[in-house]
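Architecture at a glance
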Amino acid sequence: MTQYPEVTLAREKGMCYLGIGIITDYDSGFEGRDDIKPVTNSEVLKIFEKNVKTVKDLIHASVPELEKGQKTCGCGKLA
Ligand SMILES: [Zn+2]
């Protein structure tokens, strides 16, 4: 749910860092509202499982690009 402290540690080491998130529901923070139905664990898992292939495809498409080693970002430069 967070990307801290990983992102800070990666920055300190000059490493590229990319967070990938799967949004499973939108009810967080809206507890107690009658117009927003709370989701169940099984509903969250169902959406998560539905999106796992998308994340795998993203990673499989990204790795060959990373292996090219053409780093054009500023991650290795400390501010
Ligand atoms: Zn980078």
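Residues numbered from 1 in each chain as written. Predicted model: local features only at pLDDT ≥ 70, side-chain atom pairs only at ≥ 80, totals over all residues. Heavy atoms only, no water.

Here the focus is the overall build of the chain. For the chain, the count of helices and strands is 2 helices and 0 strands. Taking 79 residues into account, the globule formula puts the C-alpha radius of gyration at 12 Å, and the chain, at 18 Å, lies well above it. Taking the principal axes of its C-alpha atoms as reference, the chain extends roughly 50 × 30 × 15 Å. When each of the 79 residues of the chain is scored for burial, the buried share is 8%. Accessible area of the chain: about 7,100 Å², with a carbon and sulfur share of 59%. Positive and negative side-chain charges of the chain, numbering 11 and 12 respectively, have mean locations separated by a distance of 9 Å. (Helix = DSSP H or I, 4+ residues; strand = E, 2+ residues; numbered from the N terminus. Rg over C-alpha atoms; globule rule 2.2 N^0.38 Å. Buried < 20%, exposed > 50% of the residue type's maximum accessible area, 1.4 Å probe, protein only. Areas by Shrake-Rupley, 256 points an atom, 1.4 Å probe, with all protein chains shown as cover. Lys, Arg positive; Asp, Glu negative; His and termini not counted. Charge placed at Lys NZ, Arg CZ, Asp CG, Glu CD.)

To continue, consider a nonpolar patch on the surface. A cluster of nonpolar side chains, namely Leu18, Ile20, Leu58, Ile59, Val63 and Leu66, defines an oily patch on the protein surface of about 560 Å² accessible area. With respect to the helices and strands, isoleucine 20 occurs in the loop between helix H1 (6-12) and helix H2 (41-67). (Patch = residues over 30% accessible without salt bridge, like charges linked within 9 Å, V, L, I, M, F, W, Y side chains within 5 Å. Salt bridge = Lys/Arg side-chain N within 4 Å of Asp/Glu carboxyl O.)

Fair warning: the whole summary comes from geometry, so function is off the table for now.
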